[in-house]
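Reading the structure
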Amino acid sequence: MSQRKYLVVLRSQPGQGQAPSPEQMQKMYTAFNEWKEKYKNEILDMGGKLKPDGKVVRTSGVVDGPFAEAKEIIAGFMIVGANDYDGAMRVAAECPGVISPGTSLEIREIATF
């Protein structure tokens, strides 16, 4: 079976949680780098954290966004290669610091034509 591509979208609720200490950040970076090494063949595009501002394009025109009144924002993304959803979920769920209060991961297979 050939590897499929999956988009992993990190969603979070603004203002959740408190900032980690420098020591906690160092532990997180160490764990994150170990996770990246473990799944280096499955992580096709590390994506990244998204900046809080942006634009929204509609038929009526372009406006600033995303909107502050939104209950969730898209905080980041990555592309994962896996044989199935279970494999993609395993890679995403093991990412240190991703699953925390107020966050969720949406995993969608990327269609090929």
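Residues numbered from 1 in each chain as written. Predicted model: local features only at pLDDT ≥ 70, side-chain atom pairs only at ≥ 80, totals over all residues. Heavy atoms only, no water.

**Overview of the overall build of the chain**
On a plain count of helices and strands, the chain comes out with two helices and six strands. Counting across all 113 residues of the chain, residues that qualify as buried make up 20%. For the chain, contacts bridging at least 24 residues in sequence account for 77% of all contacts bridging at least 6. Carbon and sulfur atoms make up 54% of the accessible area of the chain, which amounts to about 8,300 Å² in all. (Helix = DSSP H or I, 4+ residues; strand = E, 2+ residues; numbered from the N terminus. Buried < 20%, exposed > 50% of the residue type's maximum accessible area, 1.4 Å probe, protein only. Contact = heavy atoms within 4.5 Å. Areas by Shrake-Rupley, 256 points an atom, 1.4 Å probe, with all protein chains shown as cover.)

**Here's the deal with the nonpolar core**
Inside soluble globular proteins, nonpolar side chains tend to come together where they are buried. Within the largest apolar cluster, 14 residues are counted, with the highest numbers of intra-cluster contacts made by Val8, Trp35, Met78, Val80, Ala88, Val91 and Ile107. Elements supplying a minimum of two residues to this core: β1 (4-12), β5 (73-82) and α2 (85-93). Dropping the residues within four chain positions of it, Val91 is found in contact with Trp35, Tyr39, Glu42, Ile43 and Val80. (Core = buried A, V, L, I, M, F, W, Y, C linked by side-chain atoms within 4.5 Å.)

**Remarks on the sheet that holds strand β6 (residues 103-109)**
Read across the open sheet, the four strands follow the order β2-β5-β1-β6; overall the sheet is antiparallel. The sheet is open, and its two borders are formed by β2 (43-49) and β6, each paired with just one other strand. For this sheet the average axis-to-axis angle between neighbouring strands, irrespective of direction, equals 15 degrees. Bridge count between β1 and β5: nine bridges; the pairing is antiparallel. In the strand pairing of β5, Ser12 is matched with Ile73. Here helix α1 (residues 22-38) sits on the sheet in contact with β2 and β5, set at roughly 150 degrees to β2. (Pairing = 2+ DSSP bridges. Axes fitted to C-alpha atoms, helices over the stretch in contact; angles between N-to-C directions.)

**Observations concerning a nonpolar patch on the surface**
On the surface, Leu50, Ile74 and Phe77 cluster together into a nonpolar patch covering about 230 Å² of accessible area. By the secondary structure assignment, Leu50 is in the loop between β2 and β3 (54-58). (Patch = residues over 30% accessible without salt bridge, like charges linked within 9 Å, V, L, I, M, F, W, Y side chains within 5 Å. Salt bridge = Lys/Arg side-chain N within 4 Å of Asp/Glu carboxyl O.)

**What about the pattern of salt bridges?**
This model, assessed by the stated rule, comprises six salt bridges. Residue Glu109 is joined to Arg4 by a salt bridge in which the shortest nitrogen-to-oxygen separation is 3.8 Å. One end of the pair, Glu109, is in strand β6; the other, Arg4, is in strand β1, and 105 residues separate them in sequence. The class of Arg4 is partly exposed, set by a relative accessible area of 34%. Of the charged contacts, one joins Glu106 and Arg108 as a salt bridge, the two residues approaching to 3.2 Å between their closest N and O atoms. Salt bridges linked by common partners bring Arg11, Glu106 and Arg108 together as one network.

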